[in-house]
Amino acid sequence: MSRFDEIDSRFDDIDSRFDKVDSRFDELEKNTDDRFDKVDSRFDELEKNTDDRFDKVDSRFDELEKNTDDRFDKVDKVLEEQSIELYNVKNILKKHSSQFDEINYTTKMIHNQTVRLSLEQANLNMKIDKITKSDDQKESKNINSI
């Protein structure tokens, strides 16, 4: 039996060593869990901070978008008003265009009449000159006859 006792004692020794190793693993597991808990808490904190910062960035973009939309709305209104004014100017110019056509026609008629009058006046001057010359010759004949 002594041999069995010896083997038993060795197994007890081995059991005790396994118990020590187990306890070290338990301690290591506990430390590892604690450290992972710290890492988890740090990640949670980072996630919260990141979410807050993204929310701030989102709100800034929302504000920028609103301001940009407002400015584009103002530009749209101005362009719409300009379009209406241009439409009105176009209509006025169409009216003036027809008036200019009438003025052009009237000016051409006046020019043509002036040219005709000038030609007639030249003819009249020539006739007057002829009559004056013929009267002068008649008078000079009359004077010579005296």
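Above this text sits the structure in question.
### Concerning the overall build of the protein
Within the protein, the regular secondary structure consists of 1 helix and 0 strands. Against the compact-globule benchmark of 15 Å for 146 residues, the protein has a radius of gyration of 60 Å, which places it well outside the compact range. Going through the 146 residues of the protein one by one, you find that 0% of them count as buried. Within the structure as shown, the protein displays about 14,700 Å² of accessible surface, and the carbon and sulfur contribution to it stands at 55%. Across the protein, 27 positive and 39 negative side-chain charges occur, with their mean positions spaced 17 Å apart.

### Focus: a nonpolar patch on the surface
On the surface, a cluster of nonpolar side chains totalling about 390 Å² of accessible area is made up of Ile7, Phe11, Ile14 and Phe18. Judged by its relative accessible area of 37%, Ile14 is partly exposed.

### Quick look at the pattern of salt bridges
Under the counting rule described, the total for this entry stands at 3 salt bridges. Among the ionic pairs, Lys66 bridges to Asp70, the shortest N-O distance being 3.3 Å. Placement of the pair is Lys66 and Asp70 together in helix α1 (residues 2–145), with a separation of 4 residues, close to one helical turn. Assessed through its relative accessible area of 33%, Asp70 is described here as partly exposed.

What counts, and at which threshold
Residues numbered from 1 in each chain as written. Predicted model: local features only at pLDDT ≥ 70, side-chain atom pairs only at ≥ 80, totals over all residues. Heavy atoms only, no water. Helix = DSSP H or I, 4+ residues; strand = E, 2+ residues; numbered from the N terminus. Rg over C-alpha atoms; globule rule 2.2 N^0.38 Å. Buried < 20%, exposed > 50% of the residue type's maximum accessible area, 1.4 Å probe, protein only. Areas by Shrake-Rupley, 256 points an atom, 1.4 Å probe, with all protein chains shown as cover. Lys, Arg positive; Asp, Glu negative; His and termini not counted. Charge placed at Lys NZ, Arg CZ, Asp CG, Glu CD. Patch = residues over 30% accessible without salt bridge, like charges linked within 9 Å, V, L, I, M, F, W, Y side chains within 5 Å. Salt bridge = Lys/Arg side-chain N within 4 Å of Asp/Glu carboxyl O.

Shape descriptors only; they carry no functional weight alone.
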